[in-house]
Every structure is written in C-alpha cells, then in structure tokens.
Amino acid sequence: MKFAIIGNTYQASKSSHAETLLHILHERKAELCISREFHRFLSDDLHLNVPPAELFDGDNFQADMVISIGGDGTFLKAASRVGKKNIPILGINIGRLGFLADISPVEMEETFDEIYNHHYKVEERSVLQLRCDGGHVFQEPYALNEIAVLKHDSSSMISIHTYINGAHLTTYQADGLVIATPTGSTAYSLSVGGPVMVPHSQTIAITPVAPHSLNVRPIVICDDWEITLEVESRSHNFLVAIDGRSESCKEGTRLHIARADYSIKVIKRYNHIFFDTLRNKMMWGADVR
C-alpha cells in the first residue's frame, strides 16, 4: 500500500510516536510519500532516520490512504489537501481531544494489522462550500468542520441577515454566526452552544456567537439547503473563518453556503463508536459529584 503522511510540526516532545509509525510502515514494506515540511521536521528537527519516501508539496500527491498524525487541526489540514481526491484519511491522535484523529498511539500496530486485512470502515463526512458575490475569492472555500462569520474588531456587534433557500430566516445581532457540519458540531459550534449532531445525519447547524437577544437559539436544517448571509458592520468589514483559516471581507459581500459536491472519507476502526467517543472524550453525562 502507498501512504501519504501529513503531520504536526510543533510537537517535538511526541517524536517517539512518529518514529513508531515509520517503523510500523517500514515493517509492512509500505510505499511512503511525506509532506515536505513534515519530512524536514522529522529529519532536521527530530533527527529521525526516515525511510526512503517521495516528498510532496500542497496537494500534489497520490496514495491509497492518507495518514494524519497530530490532532484534529492536523486532520483538517490533511482534509483540505485531499479535497476531491477521494482518498480516505486515517487520523492518529497525538494532540488533545481527538474527535477526527481518534486512533491513539498505542493502537497503531493493531490498527495497521486491521488495515492490511481490510478490516475497517470508511465514513463519508459532508463538506461545506462557500461562494460569494462582490468579487471576493477565497483560496480554500471548503470546510469539513465549519464556516464562521465573525466581527472584525472587539467592540460592536454585527448584523447578519440570514436566508434559507431564499426565504428570510432572521437577522442575527451577534458577535458572529457559525455554520457547522455534523463533523464540526463537536468543535467551535459546540463551544458557542450549538447542538451535537450524529455524523451521518445530513444536517447543518446554524449557531449564533454571543447573540444580543435571549430568544435566539441554534437551528438545524437539511444539508441540501442553501444559506445566504448578508452582513452589516460599523467597521464596514468582517471576518470569515473556514475551518479556522480566516480572511477579511468587506461589508456588502453576500455569502452563499451549501454542501459541496464531494465528501471526505474518514477511516474508523469497527470498535470506535461515536457515542463512546462522546462519553469518553466529552464526559457526556458524567456525574462529577
């Protein structure tokens, strides 16, 4: 098998996990291609003996499987590089929470045994696409987790006129608005009071950030509907964050958010259940008394 490896380049203290991964793949005579910046980190910073591998930049690679080694942020970067390539991604978690990257380092050996025996499942996760009127072009308009519209400065709120399939929903007076996929429902959206959504629920959550009105609540809609946003701001600009990658937009830019025409494939072990992850990592329903 051929694996493309994309990794976190900021966690030198956890270098032993990267070394273990390379050893496991070398034992199985895997063909490797490694992102150039991660290869430089492994060889120059960590001084590891990296097996022979192709090096790639950006999304210029082909493989049977992508390995993301890091946290969920690293997984999101891997997903943006995979894009429409239709290559499944395996997330090895050496970060903190690890919802997307949910294979722990101690599971690596067993996980690759299962992969080589074709004993794993592939989950398809929906992706959001952002289009806009007004001439602004986003370099990476796709989000696996969320698209957030946020105020540009720290003072006044923004007004976000929101339409669903052309019908007016409401105008949010808030610090921002988070549009999240089911995958992203346990990320930024959750931290601002959004609902947890099951990965295959084919839904989108719309959650305001610090709304000025007490009667404004999150809403969940079908993921084949289109959301249109028009933003007013005293500073005449606002921020758009796409899976954490933020860009400034001018007032008057109309945003259109809809499900993309492709999905991201995530490799899961059969014994990894979403509800178990909720209980174990989010302390779902835990009684701490």
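Bear in mind the structure is a predicted one, so any value in this text is a computation, not a measurement. (Residues numbered from 1 in each chain as written. Predicted model: local features only at pLDDT ≥ 70, side-chain atom pairs only at ≥ 80, totals over all residues. Heavy atoms only, no water.)

Draft legend 1. Region of interest: the packing of aromatic side chains. On inspection of all chains with the given rule, the structure shows 7 aromatic pairs. On the basis of an interplanar angle of 45 degrees and a centroid distance of 6.3 Å, the ring pair of Phe-3 and Tyr-116 is categorised as tilted. Taken together, the positions of Phe-3 in strand β1 (residues 2-7) and Tyr-116 in helix α4 (residues 108-116) put the pair 113 residues apart, joining distant regions of the chain. Plain terms: the ring middles of Phe-38 and Phe-41 are 6.3 Å apart, the flat faces sit at 25 degrees to each other, and that makes the pair stacked. Note that Phe-38 and Phe-41 are positioned in helix α2 (residues 36-45) at a spacing of 3 residues, about one turn of the helix. (Phe/Tyr/Trp six-rings, centres within 6.5 Å; stacked < 30°, edge-to-face > 60°. Helix = DSSP H or I, 4+ residues; strand = E, 2+ residues; numbered from the N terminus.)

Draft legend 2. Focus on the pairing of strand β17 (residues 254-268). The buried count for β17 comes to 11 of 15 residues, which makes it a mostly enclosed element. Across 11 bridges, the pairing between strand β6 (residues 121-132) and β17 is antiparallel. Looking at β17, one finds that Lys-121 is bridged to Lys-268. (Buried < 20%, exposed > 50% of the residue type's maximum accessible area, 1.4 Å probe, protein only. Pairing = 2+ DSSP bridges.)

Draft legend 3. Fine view of helix α3 (residues 72-82). All buried positions along α3 are accounted for by Thr-74, Phe-75, Leu-76, Ala-78, Ala-79, Arg-81 and Val-82. Gly-83 sits one or two positions beyond α3 and adopts a positive phi of about 50 degrees.

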